[in-house]
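If you want the building blocks of each chain, they are given just below.
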Amino acid sequence: MSGGAIVSGVGQTDYTRNSGRTEARLAFEAILDAIRDAAMDVDDVDGIITHPFSISPEEIVSGLRLPRLNFNCAVHMGGAGAVASLQHAVQAIESGVASNVLIVRARNGASGGRINERPSQQPAQHFRDQLERPYGWNTPAQRYSMICRRYQHTFGLTREQLGAVAVSASRHAQLNPAAQNLGHPLTMETYLSGRTIADPYTRFDCCLETDGACAIVVTGADRHRSRPVGVRIRAVGEGRPESPDDLTNRPDLLKIGLAPAAALAWERAGLGPGDMNAVMVYDCFTFEVIHQLEAAGFVAEGKGGPFCAEGHIDLGGRLPVNTHGGLLAEGHLSGLNHVIEAVRQLRGEAGDRQVPSPRHIAVTGWGDLGDGALAVLDTVRAG
Amino acid sequence: MTRPLPDIDDPEFAPFWAGAAAGELLLVFCSSCDRPRWPPRPICAHCQSFELEWRAVDARGRLYTWTGVEHQTTRDLPPPYVVGLVEIADHPDVRLLGQIVDVAPGVLRIGMPMVARFDAVADGLTLVNWTGAEMDSEEANP
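Asker: If you had to explain the overall build of chain A to someone new, which residues and values would you point to?
Answerer: Tallying secondary structure elements over chain A gives twelve helices and eleven strands in all. Scaling as 2.2 N^0.38, a compact globule of 383 residues should have a C-alpha radius of gyration of about 21 Å, and chain A matches this with 19 Å. By its C-alpha atoms, chain A is 55 × 45 × 40 Å across when sized along the principal axes. Taking all 383 residues of chain A together, the buried fraction comes to 60%. Restricting the contact set of chain A to residue pairs at least 6 apart, pairs at least 24 apart contribute 77%.

Asker: Can you break down the overall build of chain B residue by residue, with the values?
Answerer: Broken down by element type, chain B carries two helices and seven strands. Each helix (α) and strand (β) of chain B, taken in turn from the N terminus, gives the series α-β-β-β-β-β-β-β-α. With respect to the three principal axes, the spread of C-alpha positions in chain B is 50 × 45 × 25 Å. Buried positions account for 32% of the 142 residues belonging to chain B. By sequence separation, contacts in chain B at least 24 residues apart represent 47% of the contacts at least 6 residues apart.

Asker: Quick rundown of the interface of chain A and chain B? Include the residues and the values.
Answerer: With 29 residues of chain A at the contact, the number on the chain B side is 28 residues. Those elements that place two or more of their residues in the side of chain A that touches chain B are helix H4 (125-132), helix H5 (140-155) and strand E5 (196-199) of chain A. When the residues that make up the side of chain A that touches chain B are grouped by side-chain class, the tally is nine nonpolar, twelve polar and eight charged. Two strands pair when backbone bridges link them, and E5 of chain A and strand E3 (residues 60-69) of chain B are joined in this way by two bridges, in the antiparallel orientation.

Asker: Help me get a handle on the nonpolar core, residues and values and all.
Answerer: All names here are of chain A. By size, the foremost hydrophobic cluster in this structure holds 152 residues, and its most contacted members are Val83, Ile103, Ile216, Val218 and Ala375. No other element matches the eight residues that helix H3 (residues 81-94) contributes to this core. Setting aside chain neighbours within four positions, we find Ile103 in contact with Ile49, Ala82, Ser85, Ala89, Ala215, Ile216, Val218 and Leu336.

Asker: Describe unusual backbone geometry, naming the residues involved and giving the relevant values.
Answerer: The amide bond that connects Asp199 of chain A to the next residue, Pro200 of chain A, takes the cis arrangement and shows omega of 10°. Mapped onto the elements, Pro200 of chain A comes out in the loop between E5 and strand E6 (201-202). The amide bond that connects Trp38 of chain B to the next residue, Pro39 of chain B, takes the cis arrangement and shows omega of -5°. Inspection of the secondary structure puts Pro39 of chain B in the loop between strand E1 (25-30) and strand E2 (52-57).

Asker: Run through helix H1 (residues 14-21) of chain B, naming residues and quoting values.
Answerer: Residues and elements named next belong to chain B. Within the sequence span of H1, burial applies to Phe16, Trp17, Gly19 and Ala20. Looking down the long axis of H1, one finds its buried residues gathered within 160° of arc, a one-sided arrangement. Of the surrounding elements, those touching the buried residues of H1 are E1, E2, strand E6 (113-122) and strand E7 (125-132). Residue Gly23 follows H1 closely and has a positive phi angle near 80°.

Asker: Please provide a residue-by-residue account of the pairing of strand E4 (residues 81-88) of chain B, values included.
Answerer: Each regular strand displays side chains that alternate between the two surfaces of the sheet. Residues and elements named next belong to chain B. E4 sits mainly inside the fold: six of its eight residues count as buried. In this structure, E3 lies alongside E4, joined through eight bridges in antiparallel fashion. Opposite Gly68, over in E4, you have Val82 as the bridge partner. Two strands pair when backbone bridges link them, and E4 and strand E5 (residues 91-99) are joined in this way by six bridges, in the antiparallel orientation.

Asker: Help me get a handle on the pairing of strand E8 (residues 229-239) of chain A, residues and values and all.
Answerer: Residues and elements named next belong to chain A. The buried count for E8 comes to ten of eleven residues, which makes it a mostly enclosed element. Across ten bridges, E8 lies against strand E11 (residues 371-381) in antiparallel orientation. Directly across from Gly237, in E11, lies its bridge partner Leu374.

Asker: Hey, could you go over the sheet that holds strand E4 (residues 100-108) of chain A for me, with residue numbers and the actual values?
Answerer: All names here are of chain A. Strand order in the open sheet formed by nine strands is E3-E2-E4-E7-E1-E8-E11-E10-E9, with mixed pairing between adjacent strands. Because the sheet does not close on itself, it has two edges, and the strands there are strand E3 (71-74) and strand E9 (278-280). Strand-to-strand, the axes of this sheet are offset by a mean angle of 25°, without reference to chain direction. The sheet contact formed by strand E1 (residues 5-12) and strand E7 (residues 211-220) spans seven bridges and is antiparallel. Within E7, the residue paired with Val10 across the bridge is Ile216. Against the sheet, helix H8 (residues 258-269) touches E8, strand E10 (361-367) and E11, its axis set at about 135° to E8.

Asker: I'd love a proper account of helix H6 (residues 159-173) of chain A, names of residues and values included.
Answerer: Residues and elements named next belong to chain A. Under the 1.5 Å per step criterion, the end-to-end length of H6 is 21 Å for 15 residues, consistent within 8% with the ideal 21 Å. Extensive coverage of H6 is indicated by the burial of eleven of its 15 residues. Residues of H6 that are buried include every one of Leu162, Gly163, Ala164, Val165, Ala166, Val167, Ser168, Ala169, Ser170, His172 and Ala173, and no others. Of the surrounding elements, those touching the buried residues of H6 are helix H7 (188-192), helix H9 (286-295), helix H10 (304-309) and helix H11 (326-329).

Asker: So what's going on with the environment of Glu310 of chain A? Which residues, and what values?
Answerer: Of note, Glu310 of chain A is situated in the loop between H10 and H11. Each C-alpha atom of the pair Glu310 of chain A and Ala164 of chain A lies 8.4 Å from the other, and the pair is 146 residues apart in sequence.

Asker: Just give me the short version of the packing of H6 of chain A against H9 of chain A, but keep the residues and values in it.
Answerer: All names here are of chain A. Close contact between H6 and H9 brings their axes to 8 Å; oriented N to C, the two are set at 100°. The orientation of H6 with respect to H9, classified from their angle, is roughly perpendicular. Counted together, Leu162, Val165 and Ala166 of H6 and Thr286, Phe287, Val289 and Ile290 of H9 form the full contact between these two elements. A class-by-class count of the residues in the contact of H6 with H9 yields six nonpolar, one polar and no charged.

Asker: Quick one: what's the story with the confidence of the model for chain B, residue by residue and with numbers?
Answerer: Residues at a pLDDT of 70 or more form 94% of chain B, whose mean pLDDT is 93. For this predicted complex, the interface confidence comes out at an ipTM of 0.94, alongside a pTM of 0.96.

Conventions used here
Counting from 1, residues in each chain are numbered in the order their sequence is written. Each chain is given a letter, starting from A, and each ligand a number, starting from 1, according to the order in which they appear as written. This being a predicted model, a pLDDT of at least 70 is required before a residue's local features are given, and a value of 80 or more before pairs of side-chain atoms are given or counted; all residues contribute to the totals for chains, interfaces and linings. Each helix corresponds to a stretch of at least 4 residues labelled H or I by DSSP, and each strand to a stretch of at least 2 residues labelled E; elements are numbered beginning at the N terminus. All radius of gyration figures rest on C-alpha atoms, and the globule criterion is 2.2 Å times the number of residues raised to 0.38. To assign burial, the other C-beta atoms lying within 10 Å of each residue's own C-beta are counted, with C-beta atoms placed from the backbone; 20 or more indicates buried, 12 or fewer indicates exposed, and intermediate counts indicate partly exposed. Residues are defined as contacting one another if the C-beta atoms placed from their backbone atoms lie within 7 Å. Each residue gets one label: Ala, Val, Leu, Ile, Met, Phe, Trp, Tyr, Cys and Pro are nonpolar, Asp, Glu, Lys and Arg are charged, and the others, such as Gly, are polar. Strand pairing follows a simple DSSP-based rule, namely that at least 2 bridges must link the two strands. What makes a nonpolar core is a set of buried Ala, Val, Leu, Ile, Met, Phe, Trp, Tyr and Cys residues, with links drawn between C-beta atoms within 7 Å. Arc definition: directions from the helix axis to the C-beta atoms. For helices, the fitted axis covers only the stretch in contact; all axes are lines through C-alpha atoms, and the angles between them, taken along N-to-C directions, range from 0 to 180 degrees. Expected span of a helix, by definition, is 1.5 Å for each gap between consecutive residues, and there is one gap fewer than residues. Angular relationships are summarised with four words: roughly parallel below 35 degrees, roughly antiparallel beyond 145, roughly perpendicular across 65 to 115, and oblique for the angles in between. Across the chain, each position has a pLDDT score giving the predictor's confidence in that residue, from 0 to 100.

Spelled out as structure tokens, the structure:
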């Protein structure tokens, strides 16, 4: 197939708790790594998609002395933005506006201050200031734990089911040389002893905070010659819950943006959840994995907990989830690391954690107060 | 930096804080279609009217969900404390966030009756927290 767009290059820095470098420096390291991986020159980049609150296109153009930039945008969906960015990149390429689009995430998420101390990036800040922060409700763990509580009340959910998500992520990370938690395996016993953060979330329900950067290059599928197998962006969908700027008065806390996003992506892909050989799920917390597996249609509503506890999400299971370790155990790179892992798996470059001959892999994004995105990636032979 | 407190003079919220200081729960309603508009927005999501009015409502409701915070994230607000969402009894499509006070965590359950407690915390500023309410007769004698 000659149409569409592929991920032609992927790049990353080391993932640590203290990079000792600026976010901009990290971004440029990942960008150069991705451009090298795509076998391109820096000058070939003519489109840039950034995170709204990180390094800007202007800084990247200046730092690399790019001769032209024909396309730029920033996607306001929090952590779902990395996956949603794929849609913008495909559109820029298919319309002919740009040829090679860079997507970047860089953060000093560990050394740059705790999450409650960093400027909030969520929408409708005056609601947060007026109605939420005064009561001590100001972090993702505190917000999303309330969604988890509703789910527990509605469907039931055990600590062991949540723990299965964390332990699986950790097990996968032990097979990933780049993982921040490599060498620190998590047992169920340790998981269960984790101190409470925001009940029902405990220490090990929460993802890592990470210093590092990721970058990818998206290119027209017909222009790709550098490697025998290209990873194509087959379809993308994005979606939002009702009242995406406010969690507290949303009619149903369990209805998240990923459900409409996934429905769009499956329809556009002509494929369904059952066709996926693996899925990378935006795992800011353990329950968000269970919730998204259900919202995207991988498992029936209310059945995600048992599905995870029965080992189906492990490598070798029916649906390997987050084979890199995810945000829980590889590192928090805002979900662009999930895209990179899907690319590596489809190229057959995932080493000890390789899924046998995968044909289709889905990637989900979750962000802000419940926005969602889903991408379906597959492979295309260079022609 | 101390505990973050709301600006009680914020034009979109001032009546709410004035009401709380007087021991009343005031919410925004659409003047055109009469529906509650909460949290306050400049436009009614149902009828696109810009007109609004503040009305006092019965400060009782039911617990919709909650979290028990044990890891400190707010200066001058040491855990443990419980934050919950309360569905307003007479307007079940409206929820208020507040601390759930004077209720033992083990007693908390979704759907339990709550009543607002107006807690003065600073000059002119009264926060709206929630505590357990007496069950009505229907519930007491099921």
